[in-house]
Amino acid sequence: MTPLVPNARSARIEESATLAITAKAAKMKAEGQDVVSLGAGEPDFPTPGPIAAAGIRAIEQGKTRYTAASGIPELRRAGAKWFHDAFGLSYTAAEVMVCSGAKGALHMALDAIVEPGSAVLILAPYWVSYPALVTMADGTPIVLPPVPENGFIHDARTIDAAAQQQRAKGILLNFPNNPSGAVPDRAQVQAIVDVCKARNLWIVSDEIYSTLLYDGATHVSPASLPGGRERTVVVNGFTKSHTLTGWRTSFLAGPRAVVEACGRIQSQVLGNACTISQEAMLAACADPLPDELARRMKAFDERRRFLIAEVNKIPGLKLQAPRGAFYALVDARELCAARGIDDVKICEQLLDRHLLAAVPGSAFAIPGFVRLSYAAAMDQLREAVVRLRAFAEAR
Ligand SMILES: Cc1ncc(COP(=O)(O)O)c(C=O)c1O
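Keep in mind it's a predicted model, so treat the numbers as computed, not measured.

Enquirer: Can you walk me through the pattern of salt bridges in this structure?
Expert: Oppositely charged side chains can form a pair if their charged atoms are brought close together. Counted according to the given criterion, the structure contains 24 salt bridges. Across the salt bridge formed by Asp 85 and Lys 81, the nearest N and O atoms sit 2.5 Å from each other. Of this pair, Asp 85 and Lys 81 both sit in helix α4 (residues 73-87), separated by four residues, roughly a single helical turn. One exposure class covers both Asp 85 and Lys 81, and it is exposed. Here Glu 334 ties to Lys 318 by a salt bridge, and the two come within 3.7 Å at their closest N and O atoms. Taken together, the residues Glu 334 in helix α12 (residues 333-339) and Lys 318 in strand β9 (residues 318-319) connect sequence positions 16 residues apart.

Set out below in structure tokens:
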């Protein structure tokens, strides 16, 4: 009898590169090695006290049972208010649902809109999970090459040409972008929305970093622009801004029919997002702690400025100023060429020889680049720069 094996689709799904590097760095640390880990996309700040306390209260009050599949009604209403107050987006509670992390929301959205085999455009550099999420929804991920020379923001004409050629049915957008930190302006987002309207594409807009902005950048959701709302599924939440990383909650918002479809799917595969975490998210909506957020942004911005200044002094490395999120996407193409190695090898050598964990750009479809997360304390970043320089200057 032939041994049973997992199916072909699961074989096409690779382990998340960022999680793999973080796990390797954690193992080395546990073995006593002095590793500086800039791999993970997780803030070094704890979940704010009032939000954590709401979770504890939920347990104490016995709010530990199933909820409606699309979330606690009160939280869906609070989510609609938050989308309006924070981003000027108008949704009813029925057009907002609660998912298990942005990842869970993206999974529901893609499952609800992708037709089998249909093309979904993904703009490189992209967050590592997008191709796998499209594949799991039975779609075909089509990756548009990165445009670092254009500030990492694709021209709408390029998107239009790809949409036409591939007969695409949808596009995944992520601004502020992980890993590049790119934030398009209103006109650039509108140009993309116009193409999506002309080609009748769905937009899945991953806006999980939308409150983490620098240098006066503003976040523009495609759903807020003419022609955008009826074709956009917005994914957002407090994961990155308020360190709700482990709580696994998020909001998905969009046209009612899609949100209902996502609700039906979620009811079958997940049930509901963790009840305790929904209560914590309700507290975050009631008071998004603007002072705490401002304090975090000040720290992130200091780190960002430090990296921009210091990395650009290292021979063979360049860093364009990220305008959002908390990643520095370092251009190491010159160094790669000089050494005759690629970005994967660079990251291997950085970790093995200099005990610095970073993620190779190849994981985000931008080979020759290396991603450093600055969701890490300043002393770690200082040490990281020392190690990067030592690596770049080593013969
Ligand atoms: C662009 C982007 N989307 C989604 C996620 C996943 O977020 P969550 O932890 O809410 O599932 C991440 C996490 O790194 C991310 O960078």
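Enquirer: Help me out: how do you make sense of the environment of Lys 169 in this one?
Expert: Relative to the elements of secondary structure, Lys 169 occurs in the loop between α7 (156-166) and β5 (170-174). Considered as a pair, Lys 169 and Ile 203 are 34 residues apart in the sequence and their alpha carbons are 9.0 Å apart. Other than its neighbours up to four places away in sequence, Lys 169 contacts Ser 118, Ala 119, Asn 200, Leu 201 and Trp 202.

Enquirer: Hey, could you run me through the sheet that holds strand β8 (residues 250-253) in this one?
Expert: One key point about sheets: their strands pair by backbone hydrogen bonds, in either a parallel or an antiparallel sense. Pairing is mixed in the open sheet, where seven strands are placed in the order β2-β8-β7-β6-β5-β3-β4. In this open sheet, the two edge strands, each paired with only one partner strand, are β2 (96-99) and β4 (140-144). For this sheet, the mean angle separating the axes of adjacent strands, direction not counted, is 20 degrees. Relative to strand β6 (residues 202-206), β5 runs parallel, the two sharing five bridges. What sits directly across from Gly 170, in β6, is Trp 202. Strand contacts of helix α5 (residues 101-113): β2, β5, β6, β7 (232-236) and β8, with the helix running at about 25 degrees to β8, the strand carrying the most contacts.

Enquirer: Looking at this structure, how should I read the site of the ligand?
Expert: Around the ligand sit 13 residues in total, of which Ala 102, Asn 178, Asp 206, Tyr 209 and Lys 240 are the nearest. In this structure, an oxygen atom belonging to the ligand sits 2.7 Å away from a side-chain N or O atom of Arg 248. The fraction of the free accessible surface of the ligand (400 Å²) that becomes covered by protein chains is 92%. Ranked by the residues each element gives to the shell around the ligand, the list is headed by α5, at three residues. Looking at the shell around the ligand, its residues break down into five nonpolar, four polar and four charged.

Enquirer: I keep staring at the packing of α4 against helix α10 (residues 275-286) and nothing clicks. Help me out?
Expert: The description of two helices packed together rests on the angle between their axes and the distance between the axes. The N-to-C vectors of α4 and α10 enclose an angle of 35 degrees; their axes lie 10 Å apart at closest approach. You can see that α4 and α10 cross each other, and the crossing is left-handed. Taken together, the residues of α10 that come into contact with α4 (itself represented by Glu 74, Leu 75, Ala 78, Gly 79 and Trp 82) are Gln 278, Met 281, Leu 282 and Cys 285. Looking at the contact of α4 with α10, its residues break down into six nonpolar, two polar and one charged.

Enquirer: Would you take a moment to explain the nonpolar core for this structure?
Expert: One recurring pattern in soluble globular proteins is that nonpolar side chains are buried together. One finds Leu 252, Leu 307, Phe 326 and Ile 346 to be the most contacted residues of the largest nonpolar core, which totals 80 residues. Apart from the residues within four sequence positions on either side, Leu 307 is in contact with Asn 312, Leu 319, Ala 328, Tyr 374, Leu 381 and Val 385. Core analysis: the next-biggest nonpolar cluster, separate from the first, contains 26 residues, Leu 75, Phe 83, Leu 244 and Cys 285 among them.

Enquirer: I keep staring at the packing of α7 against helix α8 (residues 186-198) and nothing clicks. Help me out?
Expert: Taken N-terminus to C-terminus, the directions of α7 and α8 make an angle of 20 degrees; their axes are 9 Å apart at the nearest point. Judged by the angle between their axes, α7 and α8 are roughly parallel. As for how α7 packs across α8, the hand of that crossing is right-handed. Side by side, α7 and α8 meet where Ala 156, Ile 159 and Asp 160 of the first sit next to Ala 191, Ile 192 and Val 195 of the second. Classifying every residue of the contact of α7 with α8 gives five nonpolar, no polar and one charged.

Criteria and thresholds
The residue numbers shown here count from 1 along each chain, following its written sequence. The predicted origin of the model limits local features to residues at a pLDDT of at least 70 and limits the giving and counting of side-chain atom pairs to 80 or more, whereas totals for whole chains, interfaces and linings rest on all residues. Each side-chain value is worked out from all heavy atoms of the structure, with water and hydrogens disregarded. Salt bridges are defined as contacts in which a side-chain nitrogen from Lys or Arg sits within 4 Å of a carboxyl oxygen from Asp or Glu. To qualify as a helix, a DSSP run of H or I must reach at least 4 residues; to qualify as a strand, a run of E must reach at least 2; elements of each kind are numbered from the N terminus. Burial classes: relative accessible area under 20% of the type maximum marks a residue as buried, over 50% as exposed, and values in between as partly exposed (1.4 Å probe, protein chains only). We call two residues in contact whenever any of their non-hydrogen atoms come within 4.5 Å of each other. Here the rule is simple: two strands pair whenever DSSP picks up at least two bridges between them. Under this scheme, a helix contributes an axis fitted over its contacting stretch, all axes are lines through C-alpha atoms, and angles between N-to-C directions fall in the 0 to 180 degree range. Throughout this document, a residue counts as near a molecule or strand when at least one of its heavy atoms sits within 4 Å of that molecule or strand. We define a polar contact as two N or O atoms separated by no more than 3.5 Å, with the added condition that, inside protein, one atom must be a possible hydrogen donor and the other a possible acceptor, whereas residues neighbouring each other in sequence contribute only through side-chain atom pairs. Only the protein chains shown count as covering a residue, and every accessible area follows the Shrake-Rupley method with a 1.4 Å probe. Gly counts as polar in this scheme, as do all residues outside two lists: the nonpolar Ala, Val, Leu, Ile, Met, Phe, Trp, Tyr, Cys and Pro, and the charged Asp, Glu, Lys and Arg. Two helices cross in a left-handed way if the nearer one is turned anticlockwise from the farther one by less than a right angle. They cross in a right-handed way if the turn is clockwise. Nonpolar cores were defined as sets of buried Ala, Val, Leu, Ile, Met, Phe, Trp, Tyr and Cys residues, with membership established by side-chain atoms within 4.5 Å. We call two directions roughly parallel when the angle between them is under 35 degrees, roughly antiparallel when it is over 145, roughly perpendicular when it lies between 65 and 115, and oblique otherwise.

This is a description of form; function is not addressed.
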